[in-house]
Every structure is written in C-alpha cells, then in structure tokens.
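One-letter residues, chain by chain:
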Amino acid sequence: MAPDEPGWQLIDDFISEEGSTRTATTTRRYERMRARLTYFLDTADMADSLGAQNATLLEAEREFHEQGAFWQVFGPDELVCCLPAFLADPWIPGSVVQARTQISLTGRLLTYLSRRRLLDFSLVRCAFLEAEAAVVQARADLSVRARAAEPDEWAADVPARLRQEPGPQW
C-alpha cells in the first residue's frame, strides 16, 4: 500500500495531530503505538473481529500485499471492529507506560473517527460501543497490573514487636 492511500493517511493524521503538542518522548511513544497498530493490521488473525468470510478475504489480500492489505479491502468501519483485539493479549505491550499509551490512543482514535464522521454508525454502532468498552476494560486491567507490579511498602513494614530478631548467642 502506498503511504498516501486513505488508511495510512488517516492513522498518520491522527498520530501527528495527537503528538503535535506533546514532548519528544511522548511523540516517540505515539509512533511506537502507530507501528504496533500497523503491524497488528498487517499480521493479526482477524477472524474473531471481522468474521470468517472477511478474515479469509483479508488473508487472501495479504498474499498479494505484505503491508497494507487491510486498507486495500477495508476502511475505518472495519478498523473499529478490530480495535478491541488490539487492546488484548498478545497485542498489549508489557510495559505499563507503553500499554497506557496504546489504550489511551485507541480511545482517542475512536473519538477521532466519530467526530470526523468517518464511520457509518448504522453499520458499526455496536462495534463502536464494544471498542469503547474494551478501552474501559483495558484501563481497568492495566491499573490492576500496575498495582500488582508495585511493591507494597505497608506489607513490608512489620512492627518491631512482631519481628523475630535473633536473640543473644551463648
């Protein structure tokens, strides 16, 4: 797929708009998320997201186009259908910061598509609501994961009376 075709342009415009007022570090995280989304669309099994018939069509198109096959046959409506899978394993990053960025940008991408009227809500209203619910669930899962990764200082603070200090040696 050529970089100037609508699918790539849509994602590029979104990322550049979101990163325009951010720091260089944040912009780099946004670019990594863009690369992850592109790789997801180019390689992921979309049978659960698009249905067996559309997934087969996508796989056939991938045989002819290594990159951009998704945009050759689908558009923003189908992208919305695929975004919940992008927020689940194995596509969610292991790094909490990177995962937070991916979740946040996915939610903002949904808003971007809706506000720009790029979606046909008569076809994808349910998928849009499922994608929004997936963003909320991914945020909740991430907060649990982030809390589990942090050491609990309170749990390590054992009162002196309960510590079993070694006694005098005879």
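All values reported here derive from a predicted model rather than from experimental measurement.

Draft legend 1. Seen up close, the overall build of the protein. Per the secondary structure count, the protein includes nine helices and zero strands. Each helix (α) and strand (β) of the protein, taken in turn from the N terminus, gives the series α-α-α-α-α-α-α-α-α. Across the 170 residues that make up the protein, the buried fraction comes to 38%. Considering only contacts in the protein between residues 6 or more positions apart, those separated by 24 or more positions represent 65%. For the protein, the exposed surface amounts to about 10,700 Å²; the carbon and sulfur share of it is 52%.

Draft legend 2. Up close: the packing of aromatic side chains. Under the definition given, this model contains seven aromatic pairs. Ring centres 5.2 Å apart and planes at 90° place the aromatic pair F70 and W71 in the edge-to-face group. Linked through ring pairs, Y39, F40, F86 and W91 together constitute an aromatic cluster.

Draft legend 3. View of the side chain of Q98. Structurally, the position occupied by Q98 is in helix 7 (residues 96–115). Among residues more than four places away in sequence, those in contact with Q98 are R29, R32, M33 and P93.

Draft legend 4. Representation of helix 2 (residues 24–43) in the model. Taking 1.5 Å per residue as the helical rise, helix 2 with its 20 residues ought to reach 28 Å, and the 28 Å between its terminal C-alpha atoms agrees with that figure. Along helix 2, the positions that sit buried rather than exposed are T26, R29, Y30, M33, R34, L37, T38, F40, L41 and D42.

Draft legend 5. Structural detail: the pattern of salt bridges. Scanning all chains against the criterion turns up five salt bridges. In this structure, E17 and R116 form a salt bridge, with 2.6 Å as the shortest nitrogen-oxygen distance. One end of the pair, E17, is in helix 1 (residues 6–19); the other, R116, is in the loop between helix 7 and helix 8 (121–149), with 99 residues separating them in the sequence. For E17, a relative accessible area of 40% translates into the label partly exposed. Salt-bridge contacts for R62 lead to E59; the nearest nitrogen and oxygen are separated by 2.6 Å. Pair noted here: R62 and E59 are both in helix 4 (residues 52–64), with a separation of three residues, about one helical turn. Salt bridges linked by common partners bring E18, R22 and R108 together as one network.

Draft legend 6. Region of the structure containing unusual backbone geometry. For the peptide bond that leads from D89 to P90, omega is 5°, which places it in the cis range. With respect to the element layout, P90 can be found in the loop between helix 6 (76–86) and helix 7. A positive phi angle, close to 55°, is found at R117, a residue other than glycine.

Draft legend 7. Region of the structure containing the nonpolar core. In this structure, F40, F70, L79 and L109 are the most contacted members of the largest nonpolar core, which totals 42 residues. Secondary-structure elements contributing two or more residues to this core are helix 1, helix 2, helix 5 (69–73), helix 6, helix 7 and helix 8. Among the elements that line this core, the one with the most residues is helix 8, at eight residues. Residue contacts for L109: discarding those within four places in its chain leaves I11, F14, L37, L79 and L83.

Draft legend 8. Just the environment of R62, in detail. Note on R62: relative accessible area 12%, which makes it buried. Remark: the alpha-carbon pair of R62 and D42, spanning 20 residues in sequence, is separated by 7.5 Å. Apart from residues no more than four positions distant in its own chain, R62 is found in contact with F40, L41, D42, T43, A44, M46 and A69. In terms of polar contacts, R62 uses its side chain to reach the backbone carbonyl oxygen of L41, at 2.9 Å.

Here is what the cut-offs are and how they apply
Here the residue index of a chain counts from 1 through its sequence in written order. Given that this is a predicted model, residues contribute local features only at a pLDDT of at least 70 and side-chain atom pairs are listed and counted only at 80 or more, while totals for whole chains, interfaces and linings are drawn from all residues. With hydrogens and water stripped out, all remaining heavy atoms of the structure feed into the side-chain values. Helix and strand definitions follow DSSP, with helices as H or I runs of at least four residues and strands as E runs of at least two, each counted in order from the N terminus. Here's how the labels work: a residue is buried when its accessible area is under 20% of the maximum for its type, exposed when over 50%, partly exposed in between, all with a 1.4 Å probe on protein chains only. We call two residues in contact when some of their heavy atoms are within 4.5 Å. In this description, accessible areas are obtained by the Shrake-Rupley approach with a 1.4 Å probe, and a residue is regarded as covered only by the protein chains that are shown. Ring geometry is summarised as follows: Phe, Tyr and Trp rings, the Trp one being its six-membered ring, pair when their centres sit within 6.5 Å, and such pairs are stacked at plane angles under 30 degrees, edge-to-face over 60 and tilted between the two. Helix span is expected to be 1.5 Å times the residue number reduced by one. When a carboxyl oxygen of Asp or Glu is within 4 Å of a side-chain nitrogen of Lys or Arg, the pair counts as a salt bridge. By nonpolar core we mean a set of buried residues, namely Ala, Val, Leu, Ile, Met, Phe, Trp, Tyr and Cys, connected to one another through side-chain atoms within 4.5 Å. Throughout this description, a polar contact denotes any pair of N or O atoms lying within 3.5 Å of each other; where both atoms belong to protein, one of them has to be capable of donating a hydrogen while the other can accept it, and for residues adjacent in sequence the pair is counted only when both atoms sit in side chains.

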